[in-house]
Number of protein chains: 2
Amino acid sequence: MRKGETMQTTKTINLKSRPVGKPTMSDFEFATSEVPKLKDGEVLLSTRYVSVDPYLRGRMSDAPSYIEPFQIGKPMASGIIAEVIESNHDDFKAGDFVSGMMPWKETQVLKTDGLIKVDPDKAPLSAYLGILGMTGLTAYFGLTDIGKPKKGETLLVSGAAGAVGSVVGQIGKILGLRVVGIAGSDEKIEMLTSDFGFDAGINYNTTDNMVKAIGQACPDGVDVYFDNVGGEISDAVLFNINKFSRTINCGAIAVYNNTEAPKGISPQPFLVKNSASMQGFIIFDYVDRHAEGIRQLAEWLQQDKLKYTETIREGFDSIPQAFLDLFKGKNKGKMVVKV
Amino acid sequence: MRKGETMQTTKTINLKSRPVGKPTMSDFEFATSEVPKLKDGEVLLSTRYVSVDPYLRGRMSDAPSYIEPFQIGKPMASGIIAEVIESNHDDFKAGDFVSGMMPWKETQVLKTDGLIKVDPDKAPLSAYLGILGMTGLTAYFGLTDIGKPKKGETLLVSGAAGAVGSVVGQIGKILGLRVVGIAGSDEKIEMLTSDFGFDAGINYNTTDNMVKAIGQACPDGVDVYFDNVGGEISDAVLFNINKFSRTINCGAIAVYNNTEAPKGISPQPFLVKNSASMQGFIIFDYVDRHAEGIRQLAEWLQQDKLKYTETIREGFDSIPQAFLDLFKGKNKGKMVVKV
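Quantities reported herein were computed from a predicted structural model and do not represent experimental measurements. (Residues numbered from 1 in each chain as written. Chains lettered and ligands numbered in written order. Predicted model: local features only at pLDDT ≥ 70, side-chain atom pairs only at ≥ 80, totals over all residues. Heavy atoms only, no water.)

## So, the overall build of chain A
Argument step 1. Across its full length, chain A holds nine helices and 16 strands.
Argument step 2. Against the compact-globule benchmark of 20 Å for 339 residues, chain A has a radius of gyration of 21 Å, which places it among compact chains.
Argument step 3. Counting only C-alpha atoms and orienting by the principal axes, one finds that chain A spans roughly 70 × 45 × 35 Å.
Argument step 4. When burial is assessed residue by residue, chain A has 56% of its 339 residues classed as buried.
Argument step 5. Sequence-distant contacts, at least 24 apart, represent 67% of the contacts inside chain A between residues at least 6 apart.
Argument step 6. Roughly 14400 Å² of accessible area belongs to chain A as shown, and the carbon and sulfur atoms make up 49% of that amount.
Argument step 7. For chain A, the distance from the average position of its 38 positive side-chain charges to the average position of its 41 negative side-chain charges is 2 Å. (Helix = DSSP H or I, 4+ residues; strand = E, 2+ residues; numbered from the N terminus. Rg over C-alpha atoms; globule rule 2.2 N^0.38 Å. Buried < 20%, exposed > 50% of the residue type's maximum accessible area, 1.4 Å probe, protein only. Contact = heavy atoms within 4.5 Å. Areas by Shrake-Rupley, 256 points an atom, 1.4 Å probe, with all protein chains shown as cover. Lys, Arg positive; Asp, Glu negative; His and termini not counted. Charge placed at Lys NZ, Arg CZ, Asp CG, Glu CD.)

## Digging into the domain arrangement of chain A
Residue and element names in this part refer to chain A.
Argument step 1. In terms of domains, chain A is made up of domain 1 (8–130 + 309–338) and domain 2 (134–284).
Argument step 2. The C-alpha-based centres of domain 1 and domain 2 are spaced at 29 Å.
Argument step 3. The interface is formed by 20 residues belonging to domain 1 together with 16 residues belonging to domain 2.
Argument step 4. Together, the buried faces of domain 1 and domain 2 total about 1500 Å²; carbon and sulfur atoms form 64% of this surface.
Argument step 5. Counting across the domain 1 and domain 2 interface gives one salt bridge.
Argument step 6. On inspection of domain 1 and its partner domain 2, the count reaches four residue pairs in polar contact (both at pLDDT 80 or more). (Domains from an automatic or database assignment. Buried area = accessible area lost by both parts, 1.4 Å probe. Salt bridge = Lys/Arg side-chain N within 4 Å of Asp/Glu carboxyl O. Polar contact = N/O pair within 3.5 Å; in protein donor to acceptor, adjacent residues only side chain to side chain.)

## Considerations on the nonpolar core
Argument step 1. Formed by 46 residues in total, the largest nonpolar core has its most connected members in L156, I202 and I214 of chain A together with L156, I202 and I214 of chain B.
Argument step 2. In contact with I202 of chain B, not counting residues within four places along its chain, are V180, G181, I182, A183, I189, T207, M210, A213, I214 and A217 of chain B. (Core = buried A, V, L, I, M, F, W, Y, C linked by side-chain atoms within 4.5 Å.)

## A closer look at the interface of chain A and chain B
Argument step 1. Contact residues are listed per partner, giving 36 residues for chain A and 36 residues for chain B.
Argument step 2. The interface formed by chain A and chain B includes two salt bridges.
Argument step 3. Summed over the shared surface of chain A and chain B, the result is twelve residue pairs in polar contact (both at pLDDT 80 or more).
Argument step 4. Among the secondary structure elements, those contributing two or more residues to the side of chain A that touches chain B are β12 (241–249), β13 (263–265), α7 (268–274) and β14 (277–280) of chain A.
Argument step 5. For the side of chain A that touches chain B, the element with the most residues is α7 of chain A, which contributes six residues.
Argument step 6. Here the residues of the side of chain A that touches chain B sort into 20 nonpolar, eleven polar and five charged.
Argument step 7. The sheet contact formed by β13 of chain A and strand β13 (residues 263–265) of chain B spans three bridges and is antiparallel. Residue pairing in the sheet places I265 of chain A in a bridge with K263 of chain B of β13 of chain B. (Nonpolar A, V, L, I, M, F, W, Y, C, P; charged D, E, K, R; others polar. Pairing = 2+ DSSP bridges.)

## Focus on the sheet that holds β14 of chain A
Argument step 1. Here we have twelve strands laid out as an open sheet, ordered β10(A)-β9(A)-β8(A)-β11(A)-β12(A)-β14(A)-β14(B)-β12(B)-β11(B)-β8(B)-β9(B)-β10(B), and mixed in their pairing. Since the sheet does not close on itself, it has two edges, and those belong to β10 (200–203) of chain A together with β10 (200–203) of chain B, each with one partner. Each neighbouring strand pair of the sheet contributes to a mean axis angle of 15°, computed without reference to strand direction.
Argument step 2. In this structure, strand β8 (residues 154–158) of chain B lies alongside strand β9 (residues 178–183) of chain B, joined through five bridges in parallel fashion. Residue S158 of chain B lies in a different strand from β9 of chain B, and its bridge partner there is I182 of chain B.
Argument step 3. Seen against the sheet, helix α4 (residues 186–194) of chain A touches β9 (178–183) and β10 of chain A and runs at an angle of roughly 170° to β10 of chain A. (Axes fitted to C-alpha atoms, helices over the stretch in contact; angles between N-to-C directions.)

## So, the relation of the copies chain A and chain B
Argument step 1. The operation relating chain A to chain B is a screw motion whose rotation component is 180°, with 0.0 Å of axial translation and a residual RMSD of 0.1 Å. In symmetry terms, the pair is related by a two-fold rotation axis.
Argument step 2. The overlap is high: 100% of the interface residues of chain A also sit at the interface in chain B, so the same surface is used on both sides. (Least-squares fit on C-alpha atoms with pLDDT ≥ 70 in both.)

## Topic: the environment of I81 of chain A
Argument step 1. Its location among the elements puts I81 of chain A in strand β4 (residues 77–87).
Argument step 2. Put simply, I81 of chain A and V98 of chain A are 17 residues apart on the chain and 5.6 Å apart in space, counted from C-alpha to C-alpha.

## Topic: the packing of aromatic side chains
Argument step 1. Taken as a whole, this structure holds 16 aromatic pairs over all chains when the rule is applied.
Argument step 2. A centroid spacing of 6.1 Å and a plane angle of 75° characterise the contact between F28 of chain B and F323 of chain B, whose relative ring orientation is edge-to-face. Remark: F323 of chain B occurs in helix α9 (residues 319–326) and F28 of chain B occurs in strand β2 (residues 28–35); sequence separation between them is 295 residues.
Argument step 3. With a centroid separation of 6.1 Å and an interplanar angle of 75°, the aromatic rings of F281 of chain B and Y286 of chain B are classed as edge-to-face.
Argument step 4. For F281 of chain B, a relative accessible area of 2% translates into the label buried.
Argument step 5. On the basis of relative accessible area, Y286 of chain B is assigned to the buried category, the value being 10%.
Argument step 6. Here K117 of chain A stacks its cationic end above the ring of F92 of chain A, 5.6 Å away from the centre of that ring.
Argument step 7. The ring of F244 of chain A carries K243 of chain A above its face, with NZ or CZ at 4.9 Å from the centroid. (Phe/Tyr/Trp six-rings, centres within 6.5 Å; stacked < 30°, edge-to-face > 60°. Lys NZ or Arg CZ within 6 Å of the ring centre and 35° of its normal.)

## Looking at helix α8 (residues 290–302) of chain B
Residues and elements named next belong to chain B.
Argument step 1. Relative to the 18 Å expected for 13 residues at 1.5 Å per residue, α8 spans 18 Å between its end C-alpha atoms, a close match to the ideal helical length.
Argument step 2. Those residues of α8 that fall on the buried side of the exposure criterion are H290, G293, L297, W300 and L301. Buried residues of α8, seen end-on, are gathered within an arc of 105° and therefore sit on one face of the element. For α8, the exposed residues lying more than 90 degrees away from the buried face are A291, R295 and Q302.
Argument step 3. At its buried positions, α8 is contacted by α2 (134–146) and α3 (163–174). (Expected span 1.5 Å × (residues − 1). Arc of directions from axis to C-beta.)

What follows is the structure, given as structure tokens:
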């Protein structure tokens, strides 16, 4: 324990205001806060990698949601990989790396509940925020548990070049599906088919008629639709679903910034006609099965069956911009900030 | 077999034109057709009760659907209870009553495939078109298999005074749920609470703010939503669903007559936020389990746990008008025509 010294301070990034519609830089506040002294059972952590994710937009509002909103004037938080600098807990020692949901601070003292040790020799540290973290688990449980795909079926993925989408497609290929991805540039489509083994891709920015384009890319119809985007793209999918199709509602980035409940084509008649389902989920629903998921994903990773792409930004101060850039589709794969 | 006599004729009701939007009387054609002579294995049937159902609207269009469309100039068809007049099949004899999907003809010769004998001593003949037929089975499998209700949960039913809805609510009460029904008149709401044991009802025709009204009638939120209507009512439900809620998409009568894909509030963000599901189905999906369903429903009926309401119209010629009146909500419970 440090004695008598001046209190240590740390950079922090707070929520300054609740965004109306699209978040902007002015919704964030760079601040300094004190790092308290280490008590029993606590660890002093230095932030190494910070995950930025579309779902954080929800926590910036105070509408009721599945996790509590961020507080104005208090730090934002997300998945972080940190190095243990000093430890008052027997299970952790200086030099260990841990993963957990932590406030956006460069340095902080935390209790160890909810911190998981990660091994930098088994995979790069940033992978524990992505393919072996929430991203990979979201893809794995959404596709396998809700999508219940059967070999030979057609899987359509929206936001396919995003962090979750690119993993979903690869798991689809491992499971023997025909996999089609929707993304927003020819470069991304090229990445899906060349790097990630997707069978086909649709660039929604250069396609006039998405209903027709999906029909052409999925000539046997869509059996499983992993939906990361919502909005007009998902409306177009409805016209192409098969009898007994399953839609996994993982995200709706297309409408997260809407100030009113978004409108579109009502799926109900399509669901009735096709005995089809739509089901939302968040990865916290599967907290009891995370170990199982990480095991399976790590196995595929070691067998070279899974690849992943990261967009790594540098510097603690670039966290807000990295987050904002998610809504412009500026990331390829998982967006993380290296501190 | 009848020899040498003049060929017998029968009244029949054909599809004259495919409706655009709401069907009208001009889409139907009253005609006469010949009744062929009885061949081996066939029965001569006299129609007694004819079921009219909202889903028939779908078969009047030629859009792809779960069952083939009716043909222009050919008879409409639906669930019918008929009396065997003459039989060339060992399992059937004159005086037997049968249930099946049959063309709208007063008299007809049919093969016996798909015909089920029904017992007029166990229940009134019309019940086999309703509570012990497609109606009851739809309510039973939709609620129990898709809705997976747990004792103490809140069940909301739209189209609650309709044939399926009133049975859904009663099964909900048998299973220990709080049951709230939505219908279009105070008289119907009174019937739901007084006759069918619903805990509360909402008259959507006299309610300004459905979102609020549902919230008040379901103070613990909606766990299971049995959706017979779609449209704006179902949009309002989205704001009141609980975490892990299940919506059973049974029908969308509010939008069946739309000429374009109906628009409304996009449910995707609500499903993501609540890890909630929506699932469509048709009763034909459960064809392997019909016997199980009929057994359970008959048991509840004999124990006086299930009541049903019928609206019975009289006369073969009134079938089209009875069908059209479904879309005006003129029926209470199952609409059948007695011939």
